[in-house]
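One letter stands for each residue in the lines below.
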Amino acid sequence: MRILLGVGAGIAAYKSALLLRLLTEAGHDVRVVPTRASLEFVGRATWEALSGQPATSEVFEDVPSVEHVRLGKSADLVVVAPATADLLARAAGGRSDDLLTAALLTARCPVLMAPAMHTEMWEHPATRANVATLRERGVHVLEPASGRLTGADTGPGRLPEPEEIARAALALVVPPGDDLRGRAVVVSAGGTREPLDPVRFLGNRSSGRQGVALAAAAARRGAHVTLVAANLTVAPPAGVRTVDVETTAELRSAVRDAAAAADVVVMAAAVADFRPVGVAAHKIKKDGTGTAPTIELATNPDVLAELAAERPRPGQVVVGFAAETGDGDGDVLAHGRAKARRKGADLLVVNEVGPGRGFGTATNAVTLLDARGDEVGTARGTKDEVAEAVWDAVVPLLPRAD
Ligand code: CTP
C-alpha cells in the first residue's frame, strides 16, 4: 500500500520516525512529506534514510513530476503525525501553501490526523472548530493522549503512541467484510449522566471508545449501524447513524426505538444504575451550617435485561458488557458469570475495569460468556481488535439471512 506520512512542526515529530518504521516494516511504501518548520525538529536526512524515498516539503521541488498533485492522488492512505494546531487550521481552511497541504487537497483516500500540541491550543475554540470541520469532511482525527507535554505542563495534547496511530490508520483501509451485510445493528456507547441540578450530574468514566470501535467494525462488515451515544469523549465513526443521549431514560428510549427493527443490540454503554430522585431547578447551594445535603436515589431500569427478556424481534441477538473490578465476593470472572445468568443476554463481554484498565484506555482484555455463564472466547488487544472478536462471536448466532 502507498502511504503518505505528513509530519508537522511539533516536538513529537521524533515519534513519527518510529511510526514510519512500523509502517515500512509492515511492508508499506511510505513517502514522508515534512512541513518546512518540522525540519527544525527532525531533519530531512532521517526521513529519506528511513523511507528510502525523497522527503520534500516544497511544491517547487521536482516540478516536472507535478508532485503536489501526484502524491495525494496516488496515495492509498494519508497519515499526518504530529498534526499541529497550525496544520489542522491550514487543512481545515483548504490551504495549499506547501507540499503536504497541497497533497491533502488532492488525496481521495482515507486520511488520519494525530494531533499533538499544548492543552490550551487543543482546547481553543479555533482548534475545536477546525477539528470539527475536518471530521465532518470524513478526516479521521484521533484524540490526543493525556500526559506530560513538552515543558512541565501535563494534560491532553500528547501524540498517541506510534503503535496506536499505525493501528488506527491501517484499520481505515482494511477491506470491508460482509458477514453483517444488510443487518441492522444498534450499539450503545459512552456513559449516561443523571442530573442533580442545572450544573451537576452523577456520571462515570466511560469514554465510549469500545462502543465506537464496535459500531465502526460493524459498519466495516456491512451492517446498518445506529450508535446511541451517551456523552462520548471520542468522535463517533463515519458511516453510522448517531443518536446523542445524556440520561439513562433517554438512552433507554433511543435503544428501544432502534431495537424494534434490529438484528443485533450491543449494550456497550456504562449505564447509571441510579438517578437522583429529583433534579433541583436551581444550583444546590451550601446551607451555611456546614451540613452536606443528602441525595436520594432511585433505581434506573436495566435496559439490557429488559431487552433480553422482551426480544422485540425474533432471532435478535442481544449482547451485554460487564465492567467488573472483582472484590471480596468473587473475582472478575465469577461476577461476570453471575451477571451473564442474571441478564439473559446471548453474549456477555466481561471487561476488567479500574485505574488504567478498561475505561478511557486504548486497549482491553475481555472474556466472552454465553447466557449460561460458560466461556465462549477471550480477546485481548486494541478496542478495534476486541470489537472484531465480539462480532466474530455474534455472527454465528444470527439466524440465516434470506
Ligand atoms: N446495563 C443496562 N442498564 C442498566 C445498567 C446496566 O442496560 N441500568 C447494561 C450495560 O450496558 C452492560 C450491562 O448491563 O451491557 C452490565 O453493566 P454493569 O454496569 O457491568 O452491570 P450492572 O447491571 O450495573 O451490575 P452491577 O452494578 O451490580 O455490577
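Residues numbered from 1 in each chain as written. Predicted model: local features only at pLDDT ≥ 70, side-chain atom pairs only at ≥ 80, totals over all residues. Heavy atoms only, no water.

Participant: Please provide a residue-by-residue account of the packing of helix α9 (residues 209-220) against helix α13 (residues 383-394), values included.
Facilitator: When two helices pack together, their arrangement is given by the angle between their axes and by how far apart the axes lie. Closest axis-to-axis distance for the α9/α13 pair is 8 Å, and the angle between their directions is 55 degrees. With respect to α13, the element α9 is oriented oblique. Handedness of the α9/α13 crossing: right-handed. Along its contact with α9, which presents R209, Q210, A213, L214, A217, A218 and R220, the element α13 presents K383, D384, V386, A387, E388, V390 and W391. (Axes fitted to C-alpha atoms, helices over the stretch in contact; angles between N-to-C directions. Helix = DSSP H or I, 4+ residues; strand = E, 2+ residues; numbered from the N terminus. Parallel < 35°, antiparallel > 145°, perpendicular 65-115°, else oblique. Left-handed = near helix turned anticlockwise from the far one by under 90°. Contact = heavy atoms within 4.5 Å.)

Participant: Account for the layout of surface pockets, naming residues and giving values.
Facilitator: The space that makes up the largest pocket amounts to roughly 1000 Å³. Lining the largest pocket are 32 residues; nearest its centre among them are H140, L172, V212, A216 and P237. Secondary structure elements with two or more residues in the lining of the largest pocket: β5 (140-141), α8 (162-171), α9 and α13. Counted by class, the lining of the largest pocket contains 20 nonpolar, 4 polar and 8 charged residues. If you list the elements that add at least two residues to the lining of the second largest pocket, you get β8 (184-190), α9, α11 (303-310), β16 (317-324) and α12 (332-343). In terms of residues, the lining of the second largest pocket owes the most to one element, β16, which gives 4 residues. (1 Å grid on protein atoms, 1.4 Å probe; cavity = no way out; pocket = protein on both sides within 12 Å on 5 of 7 lines; lining within 4 Å. Points joined across faces, edges and corners; volume = space filled by probe spheres on them. Nonpolar A, V, L, I, M, F, W, Y, C, P; charged D, E, K, R; others polar.)

Participant: Pulling in residues and values, what's your account of the environment of L196?
Facilitator: Within the secondary structure layout, L196 lies in the loop between β9 (194-195) and β10 (201-202). L196 gets classed as buried once you look at its relative accessible area, which sits at 10%. Once the C-alpha coordinates of L196 and V277 are considered, the two residues, 81 residues apart in sequence, prove to be 8.8 Å apart. (Buried < 20%, exposed > 50% of the residue type's maximum accessible area, 1.4 Å probe, protein only.)

Participant: Quick one: what's the story with the pattern of salt bridges, residue by residue and with numbers?
Facilitator: Evaluation of the coordinates by the stated rule reveals 25 salt bridges. The salt bridge involving E61 is made with R44; its shortest N-O contact spans 3.2 Å. Note that E61 is positioned in the loop between α2 (44-51) and α3 (67-74) and R44 in helix α2, a separation of 17 residues in sequence. The exposure class assigned to R44 is partly exposed, which follows from its relative accessible area of 34%. (Salt bridge = Lys/Arg side-chain N within 4 Å of Asp/Glu carboxyl O.)

Participant: For helix α10 (residues 248-259), give the residues involved together with the corresponding values.
Facilitator: Its 12 residues place the ends of α10 16 Å apart at the C-alpha level, agreeing with the 16 Å of an ideal helix rising 1.5 Å per residue. All buried positions along α10 are accounted for by T248, L251, A254, V255, A258 and A259. Along the axis of α10, the buried residues cluster in a sector spanning 130 degrees; they form a single face. Exposed residues on α10 whose side chains face more than 90 degrees from its buried face are A249 and D257. (Expected span 1.5 Å × (residues − 1). Arc of directions from axis to C-beta.)

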